[in-house]
Amino acid sequence: MKKITLLCCFVCLISLSSYSQILKPVTWSYAAKKTSPTTATVFIKATVESGWHLYSQFVKDGGPVKTTFTFPIAKDFTLVGKTIEPKAVTKYEATFKMDVSYFENSVVFQQKVKLKGKNAVVKGSVEFMVCDDKQCLPPEQVDFSIPVK
């Protein structure tokens, strides 16, 4: 009898865990291309699942968490300018009671760097928030490390 009870409990736990999935609607990929012996462009791509959107770097205060790139001071490289992004979709969102700019499907952010060595590695992080028409996920931070060859 104890074995049957334990088996029933185990089956119930497995079935419950299959319903509680962690949502990860954004995947990140990275690349770098040398533009000269001492400069490069780093490409940071977000692929966003259908129905979700990722917010721009240029969201006004009072809205969702904007996408933010952080690059710590490094011996391998220095930043040239700010991280750039393509033109975003801008629409009014009732949740935030304001116009917000965001990306759907995919977006490629670019950061120019000046290299201080032959084999530089650009390290940093991106903080971002995503929403669909029903919910917003808490802001998330992802670290990255991009070799420049």
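Residues numbered from 1 in each chain as written. Predicted model: local features only at pLDDT ≥ 70, side-chain atom pairs only at ≥ 80, totals over all residues. Heavy atoms only, no water.

Regarding the overall build of the protein
Alright, step 1. Counting its secondary structure elements, the protein contains one helix and 11 strands.
Alright, step 2. Among the 149 residues that make up the protein, the fraction classed as buried is 34%.
Alright, step 3. Taking the intrachain contacts of the protein between residues at least 6 apart in sequence as the baseline, contacts between residues at least 24 apart amount to 67%.
Alright, step 4. Surface summary for the protein: the accessible area is close to 10,000 Å², and the carbon and sulfur share equals 59%. (Helix = DSSP H or I, 4+ residues; strand = E, 2+ residues; numbered from the N terminus. Buried < 20%, exposed > 50% of the residue type's maximum accessible area, 1.4 Å probe, protein only. Contact = heavy atoms within 4.5 Å. Areas by Shrake-Rupley, 256 points an atom, 1.4 Å probe, with all protein chains shown as cover.)

So, the state of the cysteines
Alright, step 1. Using the criterion set out here, one finds one disulfide in the structure.
Alright, step 2. Paired through a disulfide, C131 and C136 show a sulfur-sulfur distance of 2.0 Å. Taking the sign of the S-S torsion, about 105 degrees here, the bridge from C131 to C136 comes out right-handed. (Disulfide = S-S within 2.5 Å.)

Digging into the sheet that holds strand β11 (residues 140-147)
Alright, step 1. Pairing within the open sheet is antiparallel, and its three strands lie in the order β4-β9-β11. Each having just a single partner strand, β4 (68-70) and β11 make up the two edges of the open sheet. The sheet shows a mean angle of 25 degrees between the axes of neighbouring strands, direction not considered.
Alright, step 2. As paired elements, strand β9 (residues 121-128) and β11 share eight bridges and run antiparallel to each other. Note on β11: the bridge partner recorded for G124 is F144. (Pairing = 2+ DSSP bridges. Axes fitted to C-alpha atoms, helices over the stretch in contact; angles between N-to-C directions.)

A few points about the side chain of E85
Alright, step 1. For E85, the location among the structural elements is in the loop between β5 (77-84) and β6 (89-93).
Alright, step 2. With no salt bridge to any partner, buried E85 finds its closest opposite charge in K87, at an N-O distance of 9.6 Å.
Alright, step 3. Every residue in contact with E85, bar those within four places of it in the chain, is listed here: S56, Q57, F58, F103, V108 and F109. (Lys, Arg positive; Asp, Glu negative; His and termini not counted. Salt bridge = Lys/Arg side-chain N within 4 Å of Asp/Glu carboxyl O.)

Concerning the sheet that holds strand β8 (residues 106-115)
Within a beta sheet, neighbouring strands are joined by backbone hydrogen bonds and run either parallel or antiparallel to one another.
Alright, step 1. Spatially, the four strands line up as an open sheet ordered β1-β2-β8-β5, and their pairing is antiparallel. In this open sheet, the two strands that pair with only one neighbour each are β1 (26-36) and β5. Taking the axes of each pair of neighbouring strands and ignoring which way they run, one obtains an average angle of 25 degrees across the sheet.
Alright, step 2. Bridging between strand β2 (residues 39-48) and β8 involves nine bridges; their strand directions are antiparallel. The residue bridging V42 from the neighbouring strand is Q111, located in β8.

Things to note about the nonpolar core
Alright, step 1. In terms of nonpolar packing, the biggest core is built from 28 residues, with W28, I44, L54, F109 and F128 touching the most fellow members.
Alright, step 2. At the level of secondary structure, the elements contributing two or more residues to this core comprise β1, β2, β8, β9 and β11.
Alright, step 3. When residues of this core are assigned to their parent elements, the largest contribution, five residues, is made by β2.
Alright, step 4. Here L54 is in contact with W28, A46, V48, T67, Y102, F103, V107, F109, F128, M129 and V130, once residues within four sequence places are set aside. (Core = buried A, V, L, I, M, F, W, Y, C linked by side-chain atoms within 4.5 Å.)

Quick word on the pairing of β6
Alright, step 1. Pairing between β6 and strand β7 (residues 98-103): five bridges, direction antiparallel. Bridging from a neighbouring strand, T90 pairs with S101 of β7.
Alright, step 2. Hairpin remark: β6 followed by β7, antiparallel, with four residues in the connecting loop; positive phi at K97, about 55 degrees.

Quick word on the packing of aromatic side chains
Alright, step 1. Inspection of the entire model under this criterion finds eight aromatic pairs.
Alright, step 2. An aromatic cluster of three or more residues is present, and its members are W28, F69, F103, F109 and F128. (Phe/Tyr/Trp six-rings, centres within 6.5 Å; stacked < 30°, edge-to-face > 60°.)

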